[in-house]
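Results of the structural survey
What follows is each chain in one-letter form.
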Amino acid sequence: MRNPNQTLSGADIFFECLRQEKVEYIFGYPGGAVLKLYEKLYDVDFLKHILVRHEQGAAHMAEGYAKASGKIGVVLVTSGPGATNTVTGIADAYMDSVPIVVFTGQVATHLIGNDAFQEADIVGITRPITKHNFLVRDVKELAATIKKAFYIASTGRPGPVLVDLPKDVINSVCEFEYPEKVELRGYKPTFLGHQNQIKKAAEIIKKAKRPLLYVGGGVIMSNGERELKLFAKENNLPVTMTLQGLGAFPGNDPQSLGMLGMHGTYYANQAVNNCDVLVSLGARFDDRVTGKVDTFAINAYKIHVDIDPTCIDKNVVVDLPIVGDVKHVLAELAAELNEPLQLDEWWNQINKWKEICPLHYEKNDGKLRSEFIIEKISEKTKGEAVVVTDVGQHQMWTAQYYKFNNPRSHLTSGGLGTMGFGLPASIGAAFATKDRPVILISGDGGFQMNIQELATVVYYKLPVKIFVINNSFLGMVRQWQELFHDEKYSFTDLSASNPDFVKVAEAFGLKAFSTNSILNVDEILDEALAYNSGPVLVEFKVVKEDMVFPMVPAGKSISQMMTKRLDPKEMV
Amino acid sequence: MKHTISVLVENQFGAFNRVATMFSGKGFNIHSISIGETETPEVSRMTIVTEGEDKIMEQVVKQLNRLIDTIKVIDLTGQDRVERELALITVFYQKGTRAEIISVNDIFRGNVVDINNKTITLEITGPPSKIDAVVNVLEPYGIKEMARSGTVALKRGEQLKIDKNIVTQQ
């Protein structure tokens, strides 16, 4: 511990603060405005700087690291383009409530507003996509600001915080003292749920005949998986999860109904439509979940537990809101419910739906399909891997066919739907995960959006297993074009322009394979999963025209599911 | 329905912007917004007049509360409150109309704050509806330009019970 009254430079204070916050990794890229920080970084030994190839990659890596570890992801980039390149990653973290702190260089304070070289008003640009942001205008405020940034990012509903660091602030000196407490009178997230509301919720659940737990990412963020499991098991409750909630409850458990919503299972959506009490836990009634809102769980008494009051009554008006930390509320709810519920009739009904329409795909034509590959990956890793995806069809198939056993195992861009999220996020996850395999399932479109990070994954010898599901199309867009846009495949066919993924991977220094045959999937997967001395890439050339089913067309009620290819005109 | 919302924010760089950005980002209406110091220099008070269904207004208040720089949000709608707006209105006058305009000003208890050989400038204070009324009356004379401050509002203080006996004795 340094002498608290020692005079330090802004750059020294910066790293002293990161040390106090126990930061292990910074994902960054140097540049003019942050040269002083990089000069200091040269001698810093208590954290590791990961050099990315594009600042967007740094932001997604920080997200991947944060999602997989539950810690805060840290980014350091320069001013101007360095800062603006992080914007998509910040917006992604904002939508999916990922705690990251992004430090951006800035031109010297006397130059701000002068259109100086590499100047961008990044605080202004990121105001609507950060939980909060700061421009540090005096080195005396630096330590307190960093403390606040980490506190705000990780508490309440987590989110990204940006701290803009002008060059002169980093260079000037002042006495350093790291504040022990954060004083923010305008920010006091409600942690404990209201007692009477919890009691009331317990009474309602006790009387339920057809209850359903609708579980979102909040359960994972609050580390509430044990409480959820206990609560669901002891009361025999069916559980359906959102895209971000997958992993909060074991996917192979008979009480799991898998994912709900647009590409959710038939039985999960039927359960939502027919339940009499819907308990939403850390989920936000997103439009991809609800479909047409005024028909969503229309007969159910809705209980909504969320730490963010703005989520309550935003999309769907609920009957009983409980604002608080899901983990704590779950524990208290469980304590109120002491007799197992009699739900035989409800379970019979649910099991009937499971029989009528399980997840299914064409298996008998000998063609290589994404669903088959993902199902194989799930079996071979026993649902224990950390699986990162990009955005599109492969993402939905992963959500459907990979049976996640653990929380913090399904890392995907949900709210923003950011293509290019996968590769950098898997790199971040690999730094956070030592004991489980990290798998990237990407598509040929999204993979090319941050493909430069192959250099990063190779340089740090990260054993990420990269599976590129190549259907030579922007598959999800193609699916909508086929179903709703008169089969006009406008600019979604990549077959003429896709690179040779094996050659690209090899040029970066990866081990790489490719196959278009169902016959050697087992062998290739085994080899890829066993290879741990660095990253490996497998390209699976799959059928081009597959579509993700079930599907609820946008704006339709989730009772109007397409479970297989149908003429959309019949779906009215 | 119109709502008057009083927001105490940290008197900090960007606090006003955050509120304005939130309103535009969420697609909420703003009729007027005014900001100024309070009795505590580190705290500013914003008075926002906005409009929308109850559900939207509930979101407005929640979203305001969610901002880190926001200390307190009070929806004054339906509460006993004092609401004032200030307007500076410059009106053209002719030979015969100067006295008329000044009499309008007197009726509305305004102040004449500037005059030259063509125009006269009035300062009118009151609830927004009163300003609207003045504007209405002055319009036929030809309003050259106008500046309105937007509404500022405060909740009325708790009404103390007055001891009638003391009043009579006095």
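First things first, this report covers the structure right here in the doc. Source: prediction; values computed, not measured.

Criteria and cut-off values
Residues numbered from 1 in each chain as written. Chains lettered and ligands numbered in written order. Predicted model: local features only at pLDDT ≥ 70, side-chain atom pairs only at ≥ 80, totals over all residues. Heavy atoms only, no water. Helix = DSSP H or I, 4+ residues; strand = E, 2+ residues; numbered from the N terminus. Rg over C-alpha atoms; globule rule 2.2 N^0.38 Å. Buried < 20%, exposed > 50% of the residue type's maximum accessible area, 1.4 Å probe, protein only. Contact = heavy atoms within 4.5 Å. Lys, Arg positive; Asp, Glu negative; His and termini not counted. Charge placed at Lys NZ, Arg CZ, Asp CG, Glu CD. Buried area = accessible area lost by both parts, 1.4 Å probe. Salt bridge = Lys/Arg side-chain N within 4 Å of Asp/Glu carboxyl O. Polar contact = N/O pair within 3.5 Å; in protein donor to acceptor, adjacent residues only side chain to side chain. Pairing = 2+ DSSP bridges. Core = buried A, V, L, I, M, F, W, Y, C linked by side-chain atoms within 4.5 Å. Axes fitted to C-alpha atoms, helices over the stretch in contact; angles between N-to-C directions. Phe/Tyr/Trp six-rings, centres within 6.5 Å; stacked < 30°, edge-to-face > 60°. Lys NZ or Arg CZ within 6 Å of the ring centre and 35° of its normal. Expected span 1.5 Å × (residues − 1). Right-handed = clockwise from strand over helix to strand, strands pointing away. Parallel < 35°, antiparallel > 145°, perpendicular 65-115°, else oblique. Left-handed = near helix turned anticlockwise from the far one by under 90°. Nonpolar A, V, L, I, M, F, W, Y, C, P; charged D, E, K, R; others polar.

Here the focus is the overall build of chain A. Tallying secondary structure elements over chain A gives 23 helices and 20 strands in all. Here chain A has a C-alpha radius of gyration of 24 Å; the compact-globule value for 572 residues is 25 Å, and the two agree. Principal-axis analysis of the C-alpha atoms gives chain A an extent of 70 × 60 × 40 Å. Evaluated residue by residue, chain A yields a buried proportion of 61% over its 572 residues. Sequence separation of at least 24 residues holds for 75% of the intrachain contacts in chain A that already meet a minimum separation of 6. On chain A, the mean spot of the 59 positive side-chain charges and the mean spot of the 67 negative ones are 2 Å from each other.

The next subject is the interface of chain B and chain A. Across the boundary between the two partners, chain B contributes 20 residues, which contact 22 residues of chain A. Between chain B and chain A, the buried area comes to about 1800 Å², and carbon and sulfur atoms account for 52% of it. Looking at the side of chain B facing chain A, the largest losses of area belong to B:Phe13, B:Arg18 and B:Ile68, adding up to 37% of the total buried there. At the surface where chain B touches chain A, the tally comes to two salt bridges. Its salt-bridge partner being A:Asp308, residue B:Arg66 comes within 3.0 Å of it at the nearest N-O pair. Where chain B touches chain A, the interface holds eight residue pairs in polar contact (both at pLDDT 80 or more).

Residues and elements named next belong to chain B. The sheet contact formed by strand S2 (residues 32-37) and strand S3 (residues 43-51) spans six bridges and is antiparallel. Of the residues in S3, the one forming a bridge with Ser 34 is Thr 47. Following S2, the chain reverses through five residues before pairing antiparallel with S3.

Turning our eyes to something else, we now look at the environment of A:Asn532. Residue and element names in this part refer to chain A. Among the secondary structure elements, Asn 532 is positioned in the loop between helix H23 (521-530) and strand S20 (536-541). Once residues within four sequence positions are removed from consideration, Asn 532 is found in contact with Pro 463 and Lys 465. Separated by 3.1 Å, the side chains of Asn 532 and Lys 465 make a polar contact.

The next point concerns the nonpolar core. Residue and element names in this part refer to chain A. Residues Leu 213 and Leu 281 are the most contacted members of the largest nonpolar core, which totals 94 residues. Ignoring any residue separated from it by four or fewer positions in sequence, one finds Leu 213 in contact with Leu 228, Phe 231, Ala 232, Leu 237, Pro 238, Val 239, Thr 240, Val 279 and Leu 281. Counting 52 residues, the second largest nonpolar core, distinct from the first, contains Ala 93, Val 388, Tyr 460 and Ala 505.

Further remarks concern the pattern of salt bridges. Residue and element names in this part refer to chain A. Tallied over the entire structure, the rule returns 28 salt bridges over all chains. In this structure, Asp 365 and Arg 369 form a salt bridge, with 2.9 Å as the shortest nitrogen-oxygen distance. Of the charged contacts, one joins Lys 376 and Asp 522 as a salt bridge, the two residues approaching to 3.4 Å between their closest N and O atoms. Pair noted here: Lys 376 is in helix H16 (residues 370-380) and Asp 522 is in helix H23, with a separation of 146 residues, a long-range link.

If you trace the backbone, A:Thr310 turns up in the loop between strand S13 (301-306) and strand S14 (320-323). The exposure class of A:Thr310 is buried, given its relative accessible area of 2%. Other than its neighbours up to four places away in sequence, A:Thr310 contacts B:Gln59, B:Lys62, B:Gln63 and B:Arg66.

The next thing to look at is the sheet that holds S3(B). Residue and element names in this part refer to chain B. Pairing within the open sheet is antiparallel, and its four strands lie in the order S2-S3-S1-S4. Each end of this open sheet is capped by a strand with a single partner; those strands are S2 and strand S4 (70-75). Averaged over all pairs of adjacent strands, the angle between strand axes in this sheet comes to 15 degrees, irrespective of strand direction. Both strand S1 (residues 2-10) and S4 contribute to a ladder of five bridges, which runs antiparallel. Looking at S4, one finds that Leu 8 is bridged to Lys 72.

A few words on the side chain of A:Arg127. Of note, A:Arg127 is situated in the loop between helix H6 (122-126) and strand S6 (132-135). Buried charge without a partner: A:Arg127 forms no salt bridge, and the closest opposite charge is A:Asp121, 5.6 Å away. Not counting residues within four places of it along the chain, the set of residues in contact with A:Arg127 comprises A:Asn133, B:Gly14, B:Asn17, B:Arg18 and B:Thr21.

What follows concerns the packing of aromatic side chains. Counted by the stated rule, this structure contains 23 aromatic pairs over all chains. Between the aromatic rings of A:Tyr361 and A:Tyr401, the centroid separation amounts to 5.5 Å while the plane-to-plane angle is 85 degrees, which identifies the pairing as edge-to-face. A residue pair is termed long-range when its members are at least 10 positions apart, and A:Tyr361 in the loop between helix H15 (344-356) and H16 and A:Tyr401 in helix H17 (residues 393-401) qualify at 40 residues. A network of ring pairs unites the aromatic residues A:Tyr25, A:Phe27, A:Tyr65, A:Phe431, A:Tyr459 and A:Tyr460 as a single cluster. For the cation-ring pair, A:Arg137 lies above B:Phe13, with the distance from its terminal atom to the ring centre recorded as 4.3 Å. In this structure, B:Arg98 is placed above the aromatic ring of B:Tyr93, and the distance from its NZ or CZ to the ring centre is 5.9 Å.

Right, let's get into helix H7 (residues 142-154) of chain A. Residue and element names in this part refer to chain A. With 13 residues, H7 extends 19 Å between its outermost C-alpha atoms, agreeing within 8% with the 18 Å of an ideal straight helix rising 1.5 Å per residue. Within H7, burial applies to Leu 142, Ala 143, Thr 145, Ile 146, Lys 147, Ala 149, Phe 150, Ile 152 and Ala 153. Against the buried residues of H7 lie helix H1 (10-20), strand S4 (73-77), strand S5 (100-106), S6 and strand S7 (161-166). Looking one or two residues past H7, Gly 156 carries a phi angle of roughly 60 degrees, positive in sign.

What follows deals with the sheet that holds S7(A). All names here are of chain A. Strand order across the open sheet formed by six strands is S3-S2-S4-S5-S7-S6, with parallel pairing between neighbours. Each edge of the sheet is formed by a strand with only one pairing partner; in this case those strands are strand S3 (48-51) and S6. Taking the axes of each pair of neighbouring strands and ignoring which way they run, one obtains an average angle of 20 degrees across the sheet. Strand direction decides the pairing type here: strand S2 (residues 25-28) and S4, joined by two bridges, are parallel. Paired with Gly 28 across the two strands is Leu 76, which belongs to S4.

The next thing to look at is the pairing of strand S15 (residues 386-389) of chain A. Residue and element names in this part refer to chain A. Side chains Val 386 and Val 388 of S15 all project onto a buried face; the interleaved residues Val 387 and Thr 389 project onto the opposite face, where all are buried too. Note: S15 against strand S17 (residues 438-443), four bridges, orientation parallel. Bridging across to S17, Val 387 finds its partner in Ile 439. The sheet contact formed by S15 and strand S16 (residues 410-411) spans two bridges and is parallel. Following the sheet pairing, Val 387 is matched in S16 by His 410. Handedness of the crossover joining S15 and S16 through H17: right-handed.

The next point concerns the packing of helix H9 (residues 195-207) of chain A against helix H14 (residues 326-336) of chain A. Helices that pack against each other are described as a pair by the angle of their axes relative to one another and the distance between those axes. All names here are of chain A. Running from N to C, H9 and H14 point in directions that differ by 55 degrees, and their axes come no closer than 9 Å. By the angle class used here, H9 and H14 are oblique. H14 is crossed by H9, and the crossing has right-handed handedness. Two secondary-structure elements touch here, H9 through Gln 195, Ile 198, Lys 199, Ala 201, Ala 202, Ile 205 and Lys 206 and H14 through Val 329, Glu 332, Leu 333 and Glu 336. Grouping the constituent residues of the contact of H9 with H14 by class yields six nonpolar, one polar and four charged.

The next subject is unusual backbone geometry. Residue A:Pro550 follows A:Phe549 across a cis peptide bond; omega there is 0 degrees. When you line up the elements, A:Pro550 lands in the segment after S20. Even without being glycine, A:Ser97 reaches a positive phi, approximately 55 degrees. Judged by relative accessible area, A:Ser97 falls into the buried class, the value being 5%. Here B:Arg109, not a glycine, exhibits a phi torsion of approximately 55 degrees, which is positive.

Keep in mind these values describe shape, not function.
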